[in-house]
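Single-letter residue listing:
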Amino acid sequence: MKIAFSTACLILTAAFSAPGFAADDHAGHGAMHATAPATAAMIDGLVKKVDKPSGKVTVSHGPLPNGMPAMTMVFRVKDTAWLDQMKDGDKIRFTAADVNGAMTLVHFEKTK
Ligand SMILES: [Cu+2]
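Everything quoted here is computed from the prediction, not taken from an experiment.

Quick notes on the rules
Residues numbered from 1 in each chain as written. Predicted model: local features only at pLDDT ≥ 70, side-chain atom pairs only at ≥ 80, totals over all residues. Helix = DSSP H or I, 4+ residues; strand = E, 2+ residues; numbered from the N terminus. Buried ≥ 20, exposed ≤ 12 C-beta atoms within 10 Å, placed from the backbone. Contact = placed C-beta atoms within 7 Å. Pairing = 2+ DSSP bridges. Axes fitted to C-alpha atoms, helices over the stretch in contact; angles between N-to-C directions.

Thoughts on the overall build of the protein chain
Regarding its fold elements, the protein chain presents 2 helices and 5 strands. For the protein chain, the succession of helices and strands along the chain, N to C, is α-α-β-β-β-β-β. The 112 residues of the protein chain split such that 20% are buried.

So, in structure tokens, the structure goes:
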């Protein structure tokens, strides 16, 4: 199921960055998101599984600013030390960016 979820996610990510969707330079579009200010909308998420050896975390997330609907998917993390601060069932808020083709948590904070 996890593989199916992340595959669906990759397809969606590709679809939303396709030239037909963003008629302008979509590379620049992606860069804009990657450098979004810290005030960018935080996304609510629920940690489902922390995978420290792989440096990844499975998160059930709400809708993303890039158009991705709510789903459960695997994210990389910008700083693998963050994985020590997360555990299954934690509620977090985060911002994500496409880093070298992989959706990556670039900021996160725990919510109570
Ligand atoms: Cu997703």
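Having seen the model, we can carry on.
Some points on the environment of Phe75
Examined against the element boundaries, Phe75 turns out to sit in strand β3 (residues 71-77). In the structure, Phe75 is positioned 23 residues away from Asp98 in sequence and 9.9 Å away in space, judged by C-alpha atoms. Ignoring anything within four residues of it in the chain, the contact list for Phe75 reads Lys56, Val57, Val59, Ala96, Met103, Thr104 and Leu105.

Section: the environment of Pro53
Inspection of the secondary structure puts Pro53 in the loop between β1 (43-51) and β2 (56-61). According to the C-beta neighbour criterion, Pro53 is exposed, with 7 such atoms within 10 Å. C-alpha separation for the pair Pro53 and Thr80, spaced 27 residues apart in sequence, amounts to 9.5 Å.

Overview of the sheet that holds β2
Taken together, 5 strands build a closed barrel; the order of strands is β1-β2-β3-β5-β4 and the barrel is mixed. Averaged over neighbouring strand pairs, the angle between their axes works out to 55 degrees when direction is ignored.

None of the figures reported here should be taken as evidence of function without further support.
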